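Descriptive analysis of the structure
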Amino acid sequence: MSNAKTVIKNCWGLLFMNNIVESQLDSVVSTIIAALLSFVLTNILIVLLIVVVIIGLISILMLNTKRKHTTQMLKRASQLQHNITSNLNEILVADTFKELELGLAQGETERGLQRMQKAAFGLHQQSEQLGIKLKGNRSSLFSPQESLHQAEELELEAEDLHERVERYLHDLSNIEQSVRGTGQHMRLLQDRLSVVLEQIEKIGEERGYPLDELRQQLTQVESEFKKTDQLAAFDAVQAKPELSKLGRLIEALHLRTQELQKNITIMDQIRNRLQMQEEQLLLQIEQQQMTKEGPVTLLRRTDPIIQQLNKALQSGQEVDLRTAASDIETILRQAFELVESNG
């Protein structure tokens, strides 16, 4: 019982002490608040002045931030406009439109260059107008929101003009590449035709063949080359399909020339084989001491075939050597069978 009483007394003591501490804290807080209120009421003008100064500093800081942002936007827009004008100035004085001014461009190429030149002048004029706007625009400290809005519009206008100029430069580059590509294609075809011409001349010189029909095809290709070359010089765009056509003609002539050279080689082999077979046949006839009138007469049937092939090859015609070789082999077999049957 004595312990319980002691505990109860201690609890009451703690509660009493807590109440004292709380009352003292409340008293201190109340005293501080009262002192602050008294200071504020006593120095209200100073407090108001401090508040005004702080608000003013914050306002000036915000205005200055907006002004810097506006200035940066105007600077970016001015740089874009400067780049646009420089690019367009270079294009208008470059070699791109010289052929048009000299009257050397015709047809589709002329119309395309005229459109591109007109578009370049239009874009250049818009760029100059944008430059005038940018020079007349200055960031105002006293109307920052309006200045910022104007700067945003000018930057958007500069970016839009820059994108349109980039698309224009891409289209112009395609036309320039087409013109350069046409010239390069013509030079490649000229080199290709020169190689074929050398092959034809070599066959003619080595064999003494006139190659009339092959040369006739060569003349047609050369005539087509001259027409296409002239067209490409004045209208590169319109010349593109003609270049493809000319390329096919040259390739066809090249293949025919290669085939002719191959057939001439095979024809040499056919003649050599025929000569060897004829010598062997005459040797068998002599060994068997038989008349050679029949086998040789049969063998002479190959003469018209050889003559016809020679004539065709000399003129550069296409020939069917497979069928001719088969016919010659048939005649040789019959001649040998005749000799063997008499033996």
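Residues numbered from 1 in each chain as written. Predicted model: local features only at pLDDT ≥ 70, side-chain atom pairs only at ≥ 80, totals over all residues. Heavy atoms only, no water.

A closer look at empty space enclosed by the protein
Per the stated rule, a full pass over the model turns up 1 cavity of 30 Å³ or more. By volume, the largest cavity amounts to about 30 Å³. If you trace the largest cavity, you find it lined by R256, E259, L260, N263, G316, Q317 and E318. Grouping the constituent residues of the lining of the largest cavity by class yields 1 nonpolar, 3 polar and 3 charged. (1 Å grid on protein atoms, 1.4 Å probe; cavity = no way out; pocket = protein on both sides within 12 Å on 5 of 7 lines; lining within 4 Å. Points joined across faces, edges and corners; volume = space filled by probe spheres on them. Nonpolar A, V, L, I, M, F, W, Y, C, P; charged D, E, K, R; others polar.)

So, unusual backbone geometry
Positive phi, normally seen in glycine, also occurs at L211, with a value near 55°. Inspection of the secondary structure puts L211 in the loop between helix 5 (144–207) and helix 6 (212–234). On the basis of relative accessibility, which here comes to 0%, the residue L211 falls in the buried class. (Helix = DSSP H or I, 4+ residues; strand = E, 2+ residues; numbered from the N terminus. Buried < 20%, exposed > 50% of the residue type's maximum accessible area, 1.4 Å probe, protein only.)

Quick notes on the packing of helix 7 (residues 236–288) against helix 10 (residues 321–342)
Here helix 7 crosses helix 10 at 5°, and the two axes come no closer than 10 Å. In terms of orientation, helix 7 and helix 10 fall into the roughly parallel class. The segment helix 7 lies against helix 10, with N263, I266, M267, I270, R273, L274, Q277, Q280, L281, Q284, I285 and Q288 engaging L321, A325, I328, E329, L332, A335, F336, V339 and N342. Counted by class, the contact of helix 7 with helix 10 contains 13 nonpolar, 6 polar and 2 charged residues. (Axes fitted to C-alpha atoms, helices over the stretch in contact; angles between N-to-C directions. Parallel < 35°, antiparallel > 145°, perpendicular 65-115°, else oblique. Contact = heavy atoms within 4.5 Å.)

A few points about the side chain of S315
Tracing the backbone through its elements, the reader meets S315 in helix 9 (residues 302–315). Only 3.0 Å separates the side chain of S315 from the backbone oxygen of A312, close enough to count as a polar contact. Those residues in contact with S315 that sit more than four places away from it in its chain are L211, D212, E213 and L214. (Polar contact = N/O pair within 3.5 Å; in protein donor to acceptor, adjacent residues only side chain to side chain.)

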